[in-house]
Amino acid sequence: MSEKFFISTAIPYVNAKPHIGFALELAQADFIARYKRSHGKDVFFVTGTDDNALKNVQAAEDAGLPVEKFVHDQAKRFKELAEKLNISNDYFIETSIDPKHIEGAQKLWKAAGKDIYKKEYAGLYCVGCEEFKTEKELVNGRCNEHPDRDLVKVSEENYFFKLSSYEKKLKELIKSDKLKIVPESRKNEMLSFIESGLEDFSVSRSVERARGWGIPVPEDDSQIQYVWFDALSNYINSLDYANKSEKFENYWENAEEIVHVIGKGISRFHAIYWPAMLLSAGVRLPDTVFVHGYVTIDNQKMSKSLGNVIDPVTLIEKYGTDAVRYFLTRHINPFEDSDFSEERLAEAYQADLANGLGNFASRVSTLAAEAGELTSSKVDGQIESEIENARKNIENAVSQFRIHEAVAAAWNLIHFGDGYIDKKKPWESKDKKVIFDLVVLLDNIASLVAPVVPNAADKITSAINWKDKDRISVKKIEALFPRLE
Ligand SMILES: [Zn+2]
């Protein structure tokens, strides 16, 4: 039985259209999911939407729509983005309507019951973060992530979760990498947050403040679960935690590895709150939290108010799915904030896709199609070792979530192929052995680029017909990436 691998993206709020930052997260997680599958892992990959946030309610009010309708319509856009990006998720969870999620969030609440208590509380709440802020976190009296939003003074009786009890345990787990936070800079951030002292956090709000929207607290109909408490449980609920399903046993409790892919703004929830909730409930912890940076525009965070939001769907329509996936994984640093510009996307398209992969596939397949059936008992040693080398470099990069380097390593093999073909000049020599070797190289390149550009990889693979392990015929591959006008 093959080993099980669980991977998730975060579930975004649906108050606005999906932006390119979420497309980045989808592309990164999908790269890893496809890579793991190609290495024989049995993968469960989940993405979805966080429907129960207060800011979704406010956005619905602004749009003049009932919350259910607004949220569900918005969720469709996220689902559609995943489809347009050719994301290979096994499940899409919508937290306001998925019965497995609602049941699971309530079960987790009960399972963590020994750490949940009621108290009177007053504090400043950021609706943007859906989080209470302490004085020391404020910058000029405002939320660092949402300086243009007013904080809301809240004072009411809420349920609290005893996060303070898990301080020592969490520190140990993160320090020892049993709960691995990638990159190291985020790990250190989490450790210093723990060292500053963990305070119990509120896990519910009054029905009035939640406007009646969200998942009820079990056995207390005056309270709604704090949106993060319910949202975080989506990961296990996608596997039907509530009913201890076989899927949950296989892909969570007994998984070889569990990875969450998230943006830097929510690392505390995933590296601290979520593991503490699981510890309390006696559920296995994730292994790795991979934290990516933000996609910025002219070094500024994208925001509706700045009017600089990039719509990934427009880019997909203009450049194609593979091109957007390629740019996001190769040219956006997986750990740091990275600037996006359409100009750079167009340049990368031309240089690496049209003139790179597309041109190489076209040259090799044209030669091979003209040559007819090709046979050889042995592949050129240099080609074999270059392929081996690329595989090792990719494996090493993926193991550290250095996705950009993994993609670059695959493209280095294409550069090698370009050099090889120029040196051997098979269009003059008509040397069938050389052409055979180039087809083997192209076939391997297709498998290595498949996690990034699955459509192009499919087209290459289906043009190469292996009649036997040493006999091939090839169909000409038409322009995979037509040159831009
Ligand atoms: Zn905020």
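Residues numbered from 1 in each chain as written. Predicted model: local features only at pLDDT ≥ 70, side-chain atom pairs only at ≥ 80, totals over all residues. Heavy atoms only, no water.

For the chain, the name recorded in an unreviewed UniProt entry is Methionine--tRNA ligase. The Sequence similarities (unreviewed entry) comment attached to the chain in UniProt states, word for word, "Belongs to the class-I aminoacyl-tRNA synthetase family." Under the UniProt heading Function (unreviewed entry), the entry covering the chain gives this text: "Is required not only for elongation of protein synthesis but also for the initiation of all mRNA translation through initiator tRNA(fMet) aminoacylation." (UniProt positions renumbered as here; feature names shortened; annotations may be inferred.)

Ligation of the zinc ion by protein atoms is provided by Cys126 (SG), Cys129 (SG), Cys143 (SG) and His146 (ND1), these donors lying 2.2 to 2.3 Å from the ion. The exposure class assigned to Cys126 is buried, which follows from its relative accessible area of 1%. Since its relative accessible area comes to 11%, Cys129 is described here as buried. (Donors = N, O, S within 2.8 Å, 3.2 Å for Na, K, Ca; no water. Buried < 20%, exposed > 50% of the residue type's maximum accessible area, 1.4 Å probe, protein only.)

If you look at the biggest cluster of nonpolar residues, it comprises 167 residues, and the most contacted ones within it are Ile7, Phe161, Trp252, Ile272, Leu357 and Trp411. One finds Cys129, Leu138, Cys143 and Leu151 within the second-largest nonpolar core, a separate group that totals 5 residues. (Core = buried A, V, L, I, M, F, W, Y, C linked by side-chain atoms within 4.5 Å.)

What follows is about the environment of Leu279. The residue Leu279 is located in helix H10 (residues 267–281) in this model. Once the C-alpha coordinates of Leu279 and Leu170 are considered, the two residues, 109 residues apart in sequence, prove to be 9.5 Å apart. In this structure, Leu279 is in contact with Tyr166, Lys169, Leu170, Leu173 and Leu285, ignoring residues within four places of it in sequence. (Helix = DSSP H or I, 4+ residues; strand = E, 2+ residues; numbered from the N terminus. Contact = heavy atoms within 4.5 Å.)

What follows concerns the sheet that holds strand S8 (residues 201–202). Taken in spatial order, the 4 strands of this open sheet run S5-S4-S6-S8, and their pairing is antiparallel. At either end of the open sheet lies a strand with only one pairing partner, and these are strand S5 (131–133) and S8. Relative to S5, strand S4 (residues 116–126) runs antiparallel, the two sharing 3 bridges. Bridging across to S5, Cys126 finds its partner in Glu131. (Pairing = 2+ DSSP bridges.)

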